[in-house]
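What the coordinates show
These are the residues of each chain, in order.
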Amino acid sequence: MSDTVLEQQQGKVVQQAEAGIATRLATHMARFPMPRDLTFLWTVGAMLIAVLALMVASGLSLALSYTPNATLAFSSVEALERRAPSGWLLRSLHMTGASFFMLALYCHLLRGLIYRSYAPPRRGVWGVGVAVLVMVMVTAFAGYVLPWGQMSYWGADVAGKAVGAVPLVGPTLEAMFLGGDAPGTPTLHRMFVLHFTMAFTLVAAVVLHVAVLHGRGSSSPSGLSGQNPKRLLSFHPYFTVKDVLGVVLMALAFTLVMCFWPGLVSEAENYRPANPLHTPADIEPAWYFLPFYGMLQVVPSKFGGLVVSAGAVLVLFLVPRLDPKSHAATSPWWVSRFVAGAALSVLVLSFILVGLAGRHHVAGVWLTVGRLATLGFFAYFFGFLPWHARQARPEAQL
Amino acid sequence: MIRRVKADLLTCLQGFRQTVFRSVGCGILACVPVQGMAHSLTPEKAPVQHWSFNGPLGHYDLAAVQRGYAVFAGVCAACHSLGAVHFSDLAAAGLSSEQVMALAATWKVPTGPGEPGQSTQRKGQPEDAFPAPYASPDAARAANNGAVPPDLSRVAIVYPGGPDRILALLTGYGAADPQDKPGIHANGFYNPYAIGHRTAMPPPLRDNAVVYADGTAATAAQEARDVTTFLAWVSSPHADSKRRLGVGVALYLCFLAILLVILKRRIWSHVAK
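Predicted model, so just to flag it, every value in this text is computed and none were measured.

Moving on to the overall build of chain B. The secondary structure content of chain B amounts to nine helices and four strands. Sequence-ordered secondary structure for chain B, helices as α and strands as β, is α-α-α-α-β-β-α-α-α-β-β-α-α. Out of the 273 residues in chain B, the part that is buried amounts to 44%. Of the contacts made within chain B by residues no fewer than 6 positions apart, 62% connect residues no fewer than 24 positions apart.

Right under this line is the structure:
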């Protein structure tokens, strides 16, 4: 008798402790102080979390009827889309979701650059964020291979050859990636496992990103003055309502693209089954990889192209070192107004132009455009940022 | 779309310069027209058609889809497969399950390895896929002057130019070949919408090639429109459901967004900037 009473009591204590953690977490989230002057650019993070949830849910359902085998993959996707209950809906959600995720991620990143969200004390938030970006890109690439259409196959082929260009270890890496001499069933197994496990690793990384952010507090468009404790508002209800509104507006755009303009997020050529004997005239990655595909091609050497293209992502890790002054630092008004604006415009324009060059196979005039745009892209990081850091007013430096 | 076909030819001409990582071995098909060709042999731009399924708010004319099925079954299926499609999929084009049963039974499908029966063929059942007309690509090539008739399951998506160009191709035969000099074109038929203005497909349609159940006059032009509509439907059979869903969801989200804007203004109303 007394045993059971004791057990019951112990159970209660554990329950209370658990409830305590959940309640405390909920209270922490609800009361979390946020700068009141955040613009709608700060709701993109909430949109990303919503799309990530959608991707995991739809992806899990799709995985139930997918077969990672070179002879069966394409027809398993066809059967899924044509005959599985709501299969067409799940697949279009997942395809549209991939594009929206990358688009929102680029917006989120750009906002971070505009408002210097990478500056101390938020360097950790930025670092985890860039790691998330890299993981999303790997996941998106692996996912694009799975339907085993022409672009899936030849995309894997191009990526394999790019990896193979690494000196010394290249051929070994290529064989590890493809699981053979050419893309095939072993490649599909690798990509499926990678895609699947990466999805959950990503969820963990995003939790970490948010946790680190909560340790440091949110940045704000007005810099230090926005961080004044008197000007902070609790997350709930002020920012819950704002985030939900942001997510609903994104869902609206999502619905319009998915239902009325699906051609924007799908590649026609990928509805042809993979054919190792027929190289398509246009090997083109999904739109969100085009800038990196362009950079891969503007450099005359294979390995050089790989370095530049991978460097374009990895340079983001260096941003807090290249521009190390604190979030509170101010620059002369003409610098923050005009020079920073101009530099960011050049960055965005270069990114788009080198993407267009990638789309046009970097031939003819596009080769020049692609090269200039690549320079413009890196000029922001190695030219503008260090220069900008030196412009900070000494008295404002912490 | 036409851009891609042009790129086909360009890739062949410019060879290795274009793609850094692949020495582009251009497909044999894409290269055929290059030999001794002038630039005017790029496919002509197909006239723009007003399909009922065009645009974000379009929808399929299911009567035309059903007539188009008759043309496919009666004509195209002799050479082309529709491998990703099962007979039961046609229920979504407005057929009842009895009609699907009856329709499937008009096809002969090869028996699988474990199936009973002497013959290697049996009557089709709703869950069977459309059977391929040839046993192997080699058999297809042998029967079609060296060309393999492509599978048409997604043709309206993957064929550069889409439904407009399919219709133009099907009805584009008959004109005299402007550069018809013996010896230049080994085989094939003149058609300004084909790559290199030559196609291995013989003119497939003629008046009264099929009898329409709904009494529509089966002119060649009508057959071409109907079979194109059928192929467009088969290529994205769920486009209509998607658009219907989209209208409902978009309206709902607009309503929700308006409510949230009001709520947000109320909550933020007493916050000083």
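Here the focus is the overall build of chain A. For chain A, the count of helices and strands is 13 helices and two strands. Relative to the 2.2 N^0.38 estimate, which gives 21 Å for 398 residues, the radius of gyration of chain A is 24 Å and therefore close to what a compact globule would have. Reported as C-alpha extents along the three principal axes, the dimensions of chain A are approximately 75 × 65 × 45 Å. Counting every position in chain A, which comprises 398 residues, the buried fraction comes to 51%. When the accessible surface of chain A is summed, it comes to about 18300 Å², and 71% of that surface belongs to carbon and sulfur atoms. Positive and negative charge centroids in chain A, built from 26 and 16 side chains respectively, lie 13 Å apart.

Moving on, we come to the packing of helix α5 (residues 123-145) of chain A against helix α11 (residues 302-322) of chain A. Residue and element names in this part refer to chain A. Following both chains from N to C, one finds α5 and α11 inclined at 180°, their axes separated by 9 Å at the closest point. As summarised for this structure, α5 and α11 are arranged roughly antiparallel, according to the angle between their axes. Contact with α5, carried on its side by Arg123, Trp126, Gly127, Val130, Ala131, Leu133, Val134 and Met137, involves Val313, Leu316, Phe317, Val319, Pro320 and Arg321 of α11 and no other residues of that element. Across the contact of α5 with α11, the residue classes tally to 11 nonpolar, one polar and two charged.

Attention now moves to the environment of A:Thr255. In this fold, A:Thr255 is placed in helix α9 (residues 235-260). For A:Thr255, a relative accessible area of 8% corresponds to the buried category.

According to the stated counting rule, one finds five cavities of 30 Å³ or more in the structure shown. Estimates place the volume of the largest cavity at around 60 Å³. Forming the boundary of the largest cavity are A:Phe74, A:Val77, A:Glu78, A:Glu81, A:Arg91, A:Pro147, A:Asn270, A:Tyr271 and B:Arg154. Looking at the lining of the largest cavity, the element that brings in the most residues is helix α3 (residues 73-83) of chain A, giving four residues. Grouping the amino acids of the lining of the largest cavity by side-chain chemistry returns four nonpolar, one polar and four charged.

Below, the discussion takes up unusual backbone geometry. Residues and elements named next belong to chain A. In this chain, Pro120 is followed by Pro121 through a cis amide linkage whose omega measures 10°. Here Pro121 shows up in the loop between α4 (87-114) and α5. With an omega of 0°, the peptide bond between His236 and Pro237 qualifies as cis. With respect to the secondary-structure elements, Pro237 resides in helix α9. The backbone phi angle of Trp148 is positive, close to 60°, even though this residue is not glycine. Relative to the helices and strands, Trp148 resides in the loop between α5 and α6 (150-164).

What follows covers the pattern of salt bridges. Summed over all chains, the structure comprises 15 salt bridges over all chains. Between B:Arg154 and A:Glu78 there is a salt bridge whose closest N-O contact spans 2.9 Å. Taken together, the positions of B:Arg154 in the loop between α5 (137-143) and α6 (155-158) and A:Glu78 in helix α3 put the pair across two chains. Take B:Arg154: its relative accessible area is 6%, and that puts it in the buried class. With relative accessibility at 6%, the residue A:Glu78 sits in the buried group. One network of salt bridges, with partners in common, ties together A:Glu78, A:Glu81, A:Arg82, A:Arg91 and B:Arg154.

In this section: the interface of chain A and chain B. Interface extent is often summarised as the accessible area lost during association of the parts. Between chain A and chain B, the contact holds 47 residues from the first and 51 residues from the second. Interface of chain A and chain B: buried area, both sides summed, is about 4600 Å²; carbon and sulfur atoms make up 66% of it. Broken down residue by residue, the surface that chain A buries against chain B is led by A:Arg82, A:Trp88 and A:Phe260, which jointly contribute 16%. At the junction of chain A with chain B, the criterion picks out three salt bridges. A salt bridge links A:Glu81 to B:Arg154, with the shortest nitrogen-to-oxygen separation between them at 3.7 Å. Within the residue set of the side of chain A that touches chain B, elements represented by two or more residues are α3, α4, α6, α9 and α10 (290-298) of chain A. Of the residues forming the side of chain A that touches chain B, the biggest block, 16 residues, is contributed by α9(A). Here the side of chain A that touches chain B is composed, by residue class, of 25 nonpolar, seven polar and 15 charged.

Next up on the list: the UniProt feature "transmembrane region" (unreviewed entry) in chain A. Residues and elements named next belong to chain A. Under the feature "transmembrane region" (unreviewed entry), the UniProt entry names residues 39-64, 93-113, 125-146, 192-213, 244-264, 303-322, 334-357 and 363-385. Within the segment residues 39-64, helix and strand shares are 77% and 0% respectively, and the terminal C-alpha atoms sit 40 Å apart. Taken end to end, residues 334-357 is 100% helix and 0% strand, and its first and last C-alpha atoms sit 33 Å apart.

Residues and elements named next belong to chain A. In terms of domain boundaries, chain A breaks down into domain 1 (32-279) and domain 2 (324-398). At the junction of the two partners, domain 1 supplies 15 residues and domain 2 supplies 13 residues. Of all residues in domain 1, Leu113, Arg116 and Pro120 bury the most surface against domain 2, accounting for 47% of the area lost on that side. The interface formed by domain 1 and domain 2 contains zero salt bridges. Counting across the domain 1 and domain 2 interface gives one residue pair in polar contact (both at pLDDT 80 or more). Tallied by class, the residues present in the side of domain 1 that touches domain 2 amount to nine nonpolar, four polar and two charged.

Another point: the confidence of the model for chain B. Residue and element names in this part refer to chain B. Mean pLDDT over chain B works out to 84, with 79% of the residues at or above the 70 mark. Considering only residues more than four positions removed or in separate chains, one finds that residues 1-39, a stretch of pLDDT under 50, has 56 contacts. Scoring of the predicted complex yields 0.89 for pTM and 0.89 for ipTM.

Conventions used here
- Residues numbered from 1 in each chain as written.
- Chains lettered and ligands numbered in written order.
- Predicted model: local features only at pLDDT ≥ 70, side-chain atom pairs only at ≥ 80, totals over all residues.
- Heavy atoms only, no water.
- Helix = DSSP H or I, 4+ residues; strand = E, 2+ residues; numbered from the N terminus.
- Buried < 20%, exposed > 50% of the residue type's maximum accessible area, 1.4 Å probe, protein only.
- Contact = heavy atoms within 4.5 Å.
- Rg over C-alpha atoms; globule rule 2.2 N^0.38 Å.
- Areas by Shrake-Rupley, 256 points an atom, 1.4 Å probe, with all protein chains shown as cover.
- Lys, Arg positive; Asp, Glu negative; His and termini not counted.
- Charge placed at Lys NZ, Arg CZ, Asp CG, Glu CD.
- Axes fitted to C-alpha atoms, helices over the stretch in contact; angles between N-to-C directions.
- Parallel < 35°, antiparallel > 145°, perpendicular 65-115°, else oblique.
- Nonpolar A, V, L, I, M, F, W, Y, C, P; charged D, E, K, R; others polar.
- 1 Å grid on protein atoms, 1.4 Å probe; cavity = no way out; pocket = protein on both sides within 12 Å on 5 of 7 lines; lining within 4 Å.
- Points joined across faces, edges and corners; volume = space filled by probe spheres on them.
- Salt bridge = Lys/Arg side-chain N within 4 Å of Asp/Glu carboxyl O.
- Buried area = accessible area lost by both parts, 1.4 Å probe.
- UniProt positions renumbered as here; feature names shortened; annotations may be inferred.
- Domains from an automatic or database assignment.
- Polar contact = N/O pair within 3.5 Å; in protein donor to acceptor, adjacent residues only side chain to side chain.
- pLDDT = per-residue confidence, 0-100.

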